[in-house]
Amino acid sequence: MTTDAYQLHNIKVHYKKRCVLDIANLSLPQNKCIALLGDNGAGKSTLLNLLAFTAQADKGEILLNGQQTSSPLSTKQRQSIGYVSQHPLLLKGSVIDNIMLALKLQGIKPKFRKDLAQAALKQVNVEHLADQSTSTLSGGELKRVAIARAIVYQADILLFDEPFSHLDQHHYQQLEVIIQQLSQHNKTVIFSTHNRLQGLALADYSVNLVNGKVTFSPLLNLFNGHLHDHIFDTGKLQIHTISNSGNAHNIAIDPNEIIISKQPLESSMRNCFNGRLTLIAEEINSIRLTVDCGEIFHVLISEESLSQLGLSLGDTLYLSFKSTATKVF
Amino acid sequence: MSYFSDSLAGALQLITSFDAAIYKIAFTSVSISLIAALIAGCLAIPTGIAIALNSFIGKRFIQHILNTLMAMPTVVIGLLLYGLFSRLGPLGHFELLYTPTAVIIAEALLIFPIMTNLTISAVTSADPRLVPTLMSLGAKPISLAIQVAKQMRFAILAAIITGFGRAIGEVGAAMMLGGNIEGFTRTMTTAIALETSKGEFETGLALGLLLLVIAFLVNFILSWLQR
């Protein structure tokens, strides 16, 4: 039986009397790559700080690898977590000084430190920067050195807060590869991103946060509005749904469940909108279309579908989806 | 005018001829202030770091007390310690009155709140990511304090130097507790006060100039550290 890397129960975090995180129950499995998805201010960083034990919840408990935790963490528990914040801070001095400090603070014996440090730098392709001063690193290099510092003591759980922010395409792809490699080496990798498609593509499993709460929807095509008699009104569109919960204010439509056509379809699907194609973008294993129907919809289709339909920007398209493809919360 | 210019010329003559008495006084002054600054630093820096890194009930109150103590008149410290150290006082049997030790204790007490406050500001002005970063790397309370001190070493060194600067220019407590005994507890400030009252303006001026040079050096080092 596998234990969960984390189990959270009745977690509440307040900031200036406002509840910024409210999680009744959440289990994060071991040895998986998990994406925390959500908009800015959804509580992703707050949750990661709790998971890294650099902040404490006002209420609730967190089990780490099935064990109770206390503050400060035991040495063994502390060594099981590596954390890279959104804007990592490298201390003054050289890259290798920073890596060695992490090993020293973790109580690793001096004779093992040099080899571990070099292996970690090599793993993230920054071994050539070992003696360079941290003040001269570029943004991408700094992030990779911070990752090396977090993986050097061979933690089982790695936490990355918005690792892809402010990176150019080249560093972005390098980092994707590093995260993929880490998750293949029996590590639990938990990273936050506001790019939901990327999160879904890279992770085995995703946790979606909206206003500090965990929701079970992919959070793409997320619209605000109100629900009345199985119809969700966003102010611009009226979307048929199966739910009739009175106090729901959000609706999300699965981008894989939307059918694209150049002509209106005659079908049992309750929702059909027409709009203008504004963006065609390549994602991992699929094509993302952005269609403006009053509200902006994202639709995922295959490359074959794209070439068959012969789409070009500015085309008028019809979007159809069943009321069961919606999630209201 | 010639009185002043003649005295100034005489004072410079005393300094440039390396007058033994003058330099002995300067040496006593510097060594007493240095020891006081180091003792106060050993206590104030860990206290300041501990106050800055922890949140506890009464933290604000302690900071208010420290701010008040910073403005404490030096003669009041002199007066209180005189009461403690005098033959009839509770610590009279240590026979500390009119010794350099008494002056060192008074000056250390005087600069402790200043150094503690400067250390607190140094730590709280550190990058807000510093403490969470060190904690996530496995720093425990003691190693966390050591690493924070290492990162803020220049600001903390500036606190020690500011304390030294305050101690060397202090006159009230040094006079009351040291007694201005020649070759023993005579410091630059007490000597200036005494020599001037005796009419030895020249010697007073020579010591004053030396004190200014030391103050200039202290400030020069401070501004270099704060660059």
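What counts, and where the lines are drawn
- Residues numbered from 1 in each chain as written.
- Chains lettered and ligands numbered in written order.
- Predicted model: local features only at pLDDT ≥ 70, side-chain atom pairs only at ≥ 80, totals over all residues.
- Helix = DSSP H or I, 4+ residues; strand = E, 2+ residues; numbered from the N terminus.
- Buried ≥ 20, exposed ≤ 12 C-beta atoms within 10 Å, placed from the backbone.
- Contact = placed C-beta atoms within 7 Å.
- Pairing = 2+ DSSP bridges.
- Axes fitted to C-alpha atoms, helices over the stretch in contact; angles between N-to-C directions.
- Nonpolar A, V, L, I, M, F, W, Y, C, P; charged D, E, K, R; others polar.
- Domains from an automatic or database assignment.
- Core = buried A, V, L, I, M, F, W, Y, C linked by C-beta atoms within 7 Å.
- Left-handed = near helix turned anticlockwise from the far one by under 90°.
- pLDDT = per-residue confidence, 0-100.

K.L.:
Looking at this model, I keep getting lost on the overall build of chain B. Mind explaining?
P.N.:
Helix and strand content of chain B: 11 helices and zero strands. Counting from the amino terminus, helix and strand elements in chain B follow one another as α-α-α-α-α-α-α-α-α-α-α. Looking at chain B as a whole, 42% of its 227 residues are labelled buried. Contacts in chain B between residues at least 24 apart in sequence constitute 77% of all its contacts with a sequence separation of at least 6.

K.L.:
Mind showing me how you'd approach the overall build of chain A here?
P.N.:
Within chain A, the regular secondary structure consists of eight helices and 20 strands. Its C-alpha atoms put chain A at 75 × 45 × 40 Å along the principal axes. Within chain A, buried positions represent 38% of all 329 residues. The long-range share in chain A, meaning contacts at least 24 apart out of those at least 6 apart in sequence, stands at 69%.

K.L.:
Quick question: what am I supposed to make of the sheet that holds strand E19 (residues 316-321) of chain A here?
P.N.:
Backbone-to-backbone hydrogen bonds pair the strands of a sheet. The strands run either parallel or antiparallel. Residue and element names in this part refer to chain A. The strand order E15-E19-E16-E17-E18 describes an open sheet built from five strands, whose pairing is antiparallel. Of all the strands in the sheet, the pair left with one neighbour each is strand E15 (259-261) and strand E18 (296-301). Averaged over all adjacent pairs, the angle separating strand axes in this sheet is 45 degrees, with direction ignored. Of the strand pairs in this sheet, E15 and E19 are connected by three bridges, and their pairing is antiparallel. Residue pairing across strands places Ile259 opposite Ser320, the latter belonging to E19.

K.L.:
Can you help me understand the interface of chain B and chain A in this one?
P.N.:
With 13 residues of chain B at the contact, the number on the chain A side is 15 residues. Elements that contribute at least two residues to the side of chain B that touches chain A include exactly helix H6 (130-136) and helix H7 (141-151) of chain B. Along the lines of polarity and charge, the residues of the side of chain B that touches chain A split into five nonpolar, five polar and three charged.

K.L.:
Please clarify how helix H1 (residues 44-51) of chain A should be interpreted in this entry.
P.N.:
Quick reminder: α-helices carry 3.6 residues per turn. Residues three or four places apart thus point the same way. Counted residue by residue, H1 of chain A has seven buried out of eight residues, so it is predominantly covered. Buried within H1 of chain A we find Lys44, Ser45, Leu47, Leu48, Asn49, Leu50 and Leu51 of chain A.

K.L.:
Quick question: what am I supposed to make of the domain arrangement of chain A here?
P.N.:
Segmenting chain A into domains produces domain 1 (4-215) and domain 2 (222-328). Using only C-alpha atoms to locate each centre, domain 1 of chain A and domain 2 of chain A end up separated by 34 Å.

K.L.:
Honestly, the sheet that holds strand E4 (residues 59-64) of chain A in this entry has me stumped. Any pointers?
P.N.:
Residues and elements named next belong to chain A. The strand order E2-E1-E4 describes an open sheet built from three strands, whose pairing is antiparallel. In this open sheet, the two strands that pair with only one neighbour each are strand E2 (18-29) and E4. Shown here is a sheet whose adjacent strand axes are inclined to one another by a mean of 15 degrees, direction ignored. Inspection of the sheet shows strand E1 (residues 4-15) paired to E2 by 10 bridges, in the antiparallel sense. Bridge pairing links Val13 to Leu21 in E2.

K.L.:
Would you take a moment to explain the nonpolar core for this structure?
P.N.:
Note on soluble globular proteins: their nonpolar side chains tend to be buried together. Counting residues in hydrophobic clusters, the biggest one holds 116 residues, and the most contacted among them are Ile99, Ala148 and Leu159 of chain A together with Ala106, Ile111, Met115 and Leu177 of chain B. Looking at which element gives the most residues to this core, the answer is helix H5 (residues 100-124) of chain B, with 16 residues. Not counting residues up to four positions away in its chain, the partners in contact with Ala106 of chain B are Ile77, Gly78, Leu81, Ala173 and Leu177 of chain B. By size, the runner-up hydrophobic cluster in this structure holds 22 residues, among which are Ile239, Ile258, Ile301 and Leu319 of chain A.

K.L.:
Looking at this structure, I do not really get the pairing of strand E8 (residues 205-210) of chain A. What am I missing?
P.N.:
Strand residues, when the strand is regular, have side chains that alternate between the two faces of the sheet. Residue and element names in this part refer to chain A. The pairing of strand E3 (residues 33-37) with E8 spans four bridges and is parallel. Following the sheet pairing, Ala35 is matched in E8 by Ser206. Relative to strand E9 (residues 213-215), E8 runs antiparallel, the two being bridged by three bridges. For Leu209, the partnering residue across the bridge sits in E9 and is Val214. The loop that links E8 with its antiparallel partner E9 comprises two residues; one of these, Asn211, has a positive phi angle of about 50 degrees.

K.L.:
What should I look at first to understand the packing of helix H2 (residues 20-53) of chain B against H5 of chain B in this one?
P.N.:
Helix-helix packing is characterised by the crossing angle of the two axes and by the distance between the axes. All names here are of chain B. Direction vectors running N to C along H2 and H5 enclose 35 degrees, while the axes themselves pass 6 Å from each other. Where H2 crosses over H5, the two elements pack in a sense that is right-handed. By residue class, the composition of the contact of H2 with H5 is 22 nonpolar, seven polar and one charged.

K.L.:
Please clarify how helix H3 (residues 95-105) of chain A should be interpreted in this entry.
P.N.:
Judged by how many residues are buried, H3 of chain A sits mostly within the fold: nine of 11 residues are covered. Residues Val95, Ile96, Asn98, Ile99, Met100, Leu101, Ala102, Leu103 and Leu105 of chain A constitute the buried set of H3 of chain A. Tucked inside the fold, the buried residues of H3 of chain A contact helix H4 (110-123) and helix H5 (139-151) of chain A together with H7 of chain B. Two residues or fewer after H3 of chain A comes Gly107 of chain A, characterised by a positive phi angle close to 75 degrees.

K.L.:
Honestly, the environment of Glu200 of chain B in this entry has me stumped. Any pointers?
P.N.:
Tracing the backbone through its elements, the reader meets Glu200 of chain B in the loop between helix H10 (188-198) and helix H11 (201-225). Note: C-alpha distance between Glu200 of chain B and Thr99 of chain B (101 residues apart in sequence) is 25 Å.

K.L.:
It is not clear to me how the environment of Asn219 of chain B should be interpreted in this structure. Could you clarify?
P.N.:
Of note, Asn219 of chain B is situated in helix H11. Between the C-alpha atoms of Asn219 of chain B and Ala158 of chain B, which are 61 residues apart in sequence, the distance is 9.6 Å.

K.L.:
Mind showing me how you'd approach the confidence of the model for chain B here?
P.N.:
Interpretation of this model should avoid reading the predicted coordinates in detail wherever pLDDT is low. Summarising the model, chain B shows a mean pLDDT of 92, and 100% of its residues fall at 70 or more. Here the prediction assigns the complex a pTM of 0.76, and the interface score ipTM is 0.75.

K.L.:
Would you mind showing me how to read the pairing of strand E14 (residues 250-253) of chain A here?
P.N.:
Residues and elements named next belong to chain A. Inspection of the sheet shows strand E10 (residues 222-224) paired to E14 by three bridges, in the antiparallel sense. Directly across from Leu222, in E14, lies its bridge partner Ala252. Looking at chain direction, E14 and strand E20 (residues 326-328) are connected through three bridges and run antiparallel. Bridging from a neighbouring strand, Ile251 pairs with Val328 of E20.

K.L.:
Sorry, what's going on with the environment of Ile181 of chain B here?
P.N.:
Residues and elements named next belong to chain B. Looking at where Ile181 falls in the secondary structure, it is placed in the loop between helix H9 (172-178) and H10. Here the alpha-carbon distance between Ile181 and Pro100, two residues 81 residues apart in the chain, equals 9.7 Å. What Ile181 contacts, discounting residues up to four positions off in sequence, is Tyr98 and Arg186.

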